[in-house]
Amino acid sequence: MATISHLGSEAADTPGTAQYLTFMLGSDVFAMDIRTVREIIQYGTMTTVPLMPSFVRGVINLRGAVVPVIDLQARFGHPPASVGRRTCIVVFDAVRHGERLELGLLVDAVSEVVDIPSSQIEPAPSFGTSVRRDFIHGMAKAAEGRFIVVLAPDKALDVDEMAALCEVSQDALAA
């Protein structure tokens, strides 16, 4: 797997403004705080793991470390993502029981890093999104009246919740 870029954790220069990595899932634009992103890699060889729920696409070998890859489309309750020419994996830091873990997110395409002032982020709507409301930190105003869905990774990518879902999936398949 070739590394596309390694992203640092520099904060935006303007107070009240944060940097977000934007990426595509279907025709929707999502964002996550750049400070949690480690790197972006091209989609490549992945090992599937038996008895995992559909959102666990498999694991990759990242410089000797086993990194689980989460299919965000499937995690959000949609059919698993199709792999295309721009499909990539965003490797980010998650925390479980105080320990740092690396996870990969399968996304359709990475767009850019953008500065978003906190004043431009509206609360998540109570209905009308294709993602669970608790997975959304807010909706950032973008060009042409569109919005960027800013993820709440501590909820959307909660390692404990995903581990519990994996256990349920394994128990159901074993029964």
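From a predicted model like this one, the values you see are computed outputs, not experimental measurements. (Residues numbered from 1 in each chain as written. Predicted model: local features only at pLDDT ≥ 70, side-chain atom pairs only at ≥ 80, totals over all residues. Heavy atoms only, no water.)

Enquirer: Is there a simple way to explain the overall build of the chain in this structure?
Expert: Helix and strand counts for the chain stand at 3 helices and 12 strands. For the chain, with 175 residues in total, the buried portion stands at 42%. Within the structure as shown, the chain displays about 9,500 Å² of accessible surface, and the carbon and sulfur contribution to it stands at 52%. (Helix = DSSP H or I, 4+ residues; strand = E, 2+ residues; numbered from the N terminus. Buried < 20%, exposed > 50% of the residue type's maximum accessible area, 1.4 Å probe, protein only. Areas by Shrake-Rupley, 256 points an atom, 1.4 Å probe, with all protein chains shown as cover.)

Enquirer: Looking at this structure, I do not really get the environment of Val-83. What am I missing?
Expert: On the secondary structure map, Val-83 appears in the loop between helix H1 (72–75) and strand E7 (88–96). C-alpha separation for the pair Val-83 and Tyr-43, spaced 40 residues apart in sequence, amounts to 8.2 Å. Apart from the residues lying within four places of it in its own chain, the contact partners of Val-83 are Tyr-43 and Arg-57. (Contact = heavy atoms within 4.5 Å.)

Enquirer: Sorry, what's going on with the pattern of salt bridges here?
Expert: Proximity of charged atoms lets side chains of opposite charge pair with each other. Counted according to the given criterion, the structure contains 8 salt bridges. Two residues, Arg-100 and Glu-102, come together in a salt bridge whose shortest N-O distance is 3.9 Å. The class of Arg-100 is partly exposed, set by a relative accessible area of 47%. Taking the shortest distance from any N to any O, the salt bridge between Lys-141 and Glu-122 comes out at 3.2 Å. Taken together, the positions of Lys-141 in strand E11 (residues 136–141) and Glu-122 in strand E10 (residues 121–122) put the pair 19 residues apart, joining distant regions of the chain. Taken together, the salt bridges that share partners define one network made up of Arg-38, Asp-93, Arg-100 and Glu-102. (Salt bridge = Lys/Arg side-chain N within 4 Å of Asp/Glu carboxyl O.)

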